[in-house]
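Chain by chain, the residues:
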Amino acid sequence: MPESRCLQGIWSSPWIFIFAASGSAVGLGNIWKFPYVLGQNGGGAFLLVYCLCLLLVGLPVLMAEVALGRTVRSNPIDTVNDLSERRIVHPAWVFVPWLAGITGFLILTFYSVIAGWSLAYLDRAVSGDFKDITQVGAASMFDNLLATPTEMLLWHSVFMGLVVLTVGQSVTRGLSAVVRILLPILVVMLLLLAFYSMTIGNMNEALNFMFRWSWQDITFEVVLSAVGLALFSLSVGMGAMFAYGAYMSKRMSIARACSIVVGVDLLVAILAGLVIFPLVFSFNIDVEAGPSLTFVSLPIIFGSLPGGQFFAGVFFLLLVVAALTSAISMLELFVAWLHEKFYIARLKAALLMGIAVWFVGIAVLLSFNHWDSKIVFGLNFFELLDEFTSLILLPVGAILLSVLVAWFIPHSMLQNEMITKQANHFQWWYKTLKYISIPAMIVITLAGWIGV
């Protein structure tokens, strides 16, 4: 099928796709979530299992999603519709891209609010508010932010505005231009911060914690957390890579490109750990502090360090950049569909979807203060969205998409998509997806549901 079949455009080079896909994968999950999940799950044992999950679950599913996106060169919804019209798959499978798009939409509603916290803390860091801050002062600063819906609304609006403006441009002028600049900046700043942190912090204890492990530390809970974070971190199951695959040239090797994306994702996560843990151990901060590790513990540390104001600003700028590169991919599926199906201009489509996300995000930010009431199962609105997407929609979407590719898309069609130039590599991917990735996701998902 000719390259022009894709109305959105084509990535100009393999590296632009790699930058875009890596930008989608690298987000708050790497810099905010990975360190505290690593801290809560014993360090080195979790990192080992996480690497295996990326290789045996994350990479095969990522390749499947990109390959499916490239089969028809259209948005995910019309791709499956096209395959059903050609009697390749049953029409009922169109439910999968709809599920993926809805998952990405719902995740973005609270992702944007948390990204807004990063903007708020970037403002505080630049203003010098962390200077000599105490434990009580840092906790109070975070609590005050959560208790002030007007400020959260401001930063939520600013962040969604940036997302809409980026996605509203063409693939070549918007997504490509942004990720080409932001991703290298993010990696370089992380490297500098990691060097700074290991120089002034407790490097030996941090390295021991992150890279030493024993068999008894590997529990089912660790495996469950690692698989969930691998899927969330790589942005699979929410249609982002599906959409990006449609813009991928037929000359690109999916295996090579996706392997680099997984490598970049892992590199950023490890660098984030090397930024945070030397400082945490140096200041005797609890590594199991959880989500507050970034927004409560780090301001205390930065406020006590020479040049802390500058490095705090750099760190929270990193969070904003990482969040932006991920968020633009979450909005892309429905924007591409509106543009191709109804010929709505990309900027208008992005604005329509962005406003919808923004409105739901208001309910999310209010759940931290005025609407902090339990709705269902003892959860408020934010907690309900978080649990519903991470435990149900995301894994189910990844499983269904993988099953569609592995069991229903013709073997010859997948080979024609040039998953890899090496036949043995293709067989490794195909068999791993069928017999390891899919069963592992099903077992882990069911175990999470029943609370094993």
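Rules and cut-offs
Residues numbered from 1 in each chain as written. Predicted model: local features only at pLDDT ≥ 70, side-chain atom pairs only at ≥ 80, totals over all residues. Heavy atoms only, no water. Helix = DSSP H or I, 4+ residues; strand = E, 2+ residues; numbered from the N terminus. Rg over C-alpha atoms; globule rule 2.2 N^0.38 Å. Buried < 20%, exposed > 50% of the residue type's maximum accessible area, 1.4 Å probe, protein only. 1 Å grid on protein atoms, 1.4 Å probe; cavity = no way out; pocket = protein on both sides within 12 Å on 5 of 7 lines; lining within 4 Å. Points joined across faces, edges and corners; volume = space filled by probe spheres on them. Nonpolar A, V, L, I, M, F, W, Y, C, P; charged D, E, K, R; others polar. Contact = heavy atoms within 4.5 Å. Expected span 1.5 Å × (residues − 1). Bend = angle between axes of the 7 residues up to and from the residue. pLDDT = per-residue confidence, 0-100. Phe/Tyr/Trp six-rings, centres within 6.5 Å; stacked < 30°, edge-to-face > 60°. Lys NZ or Arg CZ within 6 Å of the ring centre and 35° of its normal. Salt bridge = Lys/Arg side-chain N within 4 Å of Asp/Glu carboxyl O. Axes fitted to C-alpha atoms, helices over the stretch in contact; angles between N-to-C directions. Parallel < 35°, antiparallel > 145°, perpendicular 65-115°, else oblique. Arc of directions from axis to C-beta.

S.K.: What is the right way to read the overall build of the protein chain from this model?
M.R.: For the protein chain, the count of helices and strands is 18 helices and zero strands. Radius of gyration (C-alpha) of the protein chain: 21 Å, near the 22 Å computed for a compact globule of 452 residues. Overall, the protein chain is about 65 × 50 × 45 Å in size when its C-alpha atoms are taken along their principal axes. A total of 452 residues make up the protein chain; the buried ones form 61% of that total.

S.K.: Can you walk me through the layout of surface pockets in this structure?
M.R.: Empty space left among the atoms is revealed by rolling a probe the size of a water molecule over them. Size it by volume and the largest pocket reaches roughly 880 Å³. Surrounding the largest pocket, 33 residues form its lining, K33, G228, D386, S390 and L391 being those nearest its centre. For the lining of the largest pocket, the elements supplying multiple residues, two or more each, are α2 (28-40), α5 (95-126), α10 (220-233), α16 (381-408) and α18 (423-450). Tallying contributions element by element places α16 first for the lining of the largest pocket, with eight residues. Here the lining of the largest pocket is built from residues that sort into 21 nonpolar, nine polar and three charged.

S.K.: Would you explain the side chain of S326 in this entry?
M.R.: In this structure, S326 sits in helix α14 (residues 308-342). The exposure class of S326 is buried, given its relative accessible area of 3%. When neighbours within four sequence positions are excluded, S326 is seen to be in contact with G23, S24, A25, V26, G27 and Y111.

S.K.: Explain empty space enclosed by the protein here, please?
M.R.: Applying the stated criterion across every chain, the model contains one cavity of 30 Å³ or more. Each pocket or cavity is described by its volume, and for the largest cavity that value is around 60 Å³. For the lining of the largest cavity, the secondary structure elements donating two or more residues are α1 (14-25), α2, α10 and α14. With three residues, α2 is the single largest residue contributor to the lining of the largest cavity. Of the residues in the lining of the largest cavity, the class split is six nonpolar, seven polar and no charged.

S.K.: Can you help me understand helix α13 (residues 292-304) in this one?
M.R.: An α-helical turn contains 3.6 residues, so any two residues separated by three or four positions project in the same direction. With 13 residues, α13 ought to run about 18 Å at 1.5 Å a step, and its terminal C-alpha atoms sit 18 Å apart, in line with that. The sharpest bend along α13 measures roughly 35° and falls at L298, with the proline P299 sitting one to four residues further on. Within α13, the full set of buried residues consists of L293, T294, F295, V296, S297, L298, P299, I300, I301, F302 and G303. Looking at the buried residues of α13, the elements they touch are α2, α5, α6 (135-146), α12 (254-282) and α14.

S.K.: Looking at this model, I keep getting lost on the confidence of the model for the protein chain. Mind explaining?
M.R.: The predicted coordinates ought not to be read in detail in places where the model reports low pLDDT. Residues at a pLDDT of 70 or more form 94% of the protein chain, whose mean pLDDT is 86. This stretch, residues 1-5, has a pLDDT under 50; its non-local contacts, to residues over four places away or in other chains, come to 12 contacts.

S.K.: For this particular structure, what's the right way to read the packing of aromatic side chains?
M.R.: Here the structure, examined in full by the defined rule, presents 33 aromatic pairs. For the pair F34 and F46, a centre-to-centre distance of 6.3 Å together with 50° between the ring planes defines the contact as tilted. Of this pair, F34 sits in helix α2 while F46 sits in helix α3 (residues 44-72), and the two are 12 residues apart along the sequence. With a centroid separation of 5.2 Å and an interplanar angle of 75°, the aromatic rings of Y121 and F295 are classed as edge-to-face. Highlighted residues: Y121 in helix α5 and F295 in helix α13, separated in sequence by 174 residues. The residues Y121 and F295 share a single accessibility class, namely buried. Among the aromatic side chains, those forming a connected cluster through ring pairs are F110, W117, Y121, F130, F142, F295, F302, F315, F316, F368 and F382. Its guanidinium or amino end placed over the ring of Y121, R124 lies 5.7 Å from that ring's centre, counting from NZ or CZ.

S.K.: Even after reading the chapter, I still don't get the pattern of salt bridges, so can you show me in this structure?
M.R.: Oppositely charged side chains may form a pair once their charged atoms are brought near each other. Inspection of every chain in the model, using the stated rule, returns three salt bridges. Linking E151 and R124 is a salt bridge whose minimum nitrogen-to-oxygen distance equals 2.8 Å. On the criterion of sequence distance, the pair formed by E151 in helix α7 (residues 149-167) and R124 in helix α5 is long-range, its members being 27 residues apart.

S.K.: Hey, could you run me through the packing of α2 against α14 in this one?
M.R.: If you want to describe how two helices pack, look at the angle between their axes and the distance between the axes. Between α2 and α14, the shortest axis-to-axis distance is 8 Å and the interhelical angle comes to 125°. Our classification of the angle between α2 and α14 gives oblique. For the pair α2 and α14, contact is made by L28, I31 and W32 and by F315, L318, L319, A322 and A323, respectively. Of the residues in the contact of α2 with α14, the class split is eight nonpolar, no polar and no charged.

S.K.: Sorry if this is basic, but what is going on with the environment of A398 here?
M.R.: Locating A398 in the fold gives a position in helix α16. Given a relative accessible area of 1%, A398 falls into the buried group. Remark: the alpha-carbon pair of A398 and V96, spanning 302 residues in sequence, is separated by 9.0 Å. With sequence-adjacent residues up to four places away left out, A398 is seen in contact with V61, L231, G237 and M441.

S.K.: Could you clarify how one ought to interpret helix α9 (residues 203-211) in this entry?
M.R.: Three or more residues of α9 are buried, namely A206, F209 and M210. Projection of α9 onto a plane perpendicular to its axis shows the buried side chains occupying an angular sector of 90°, all on one side.

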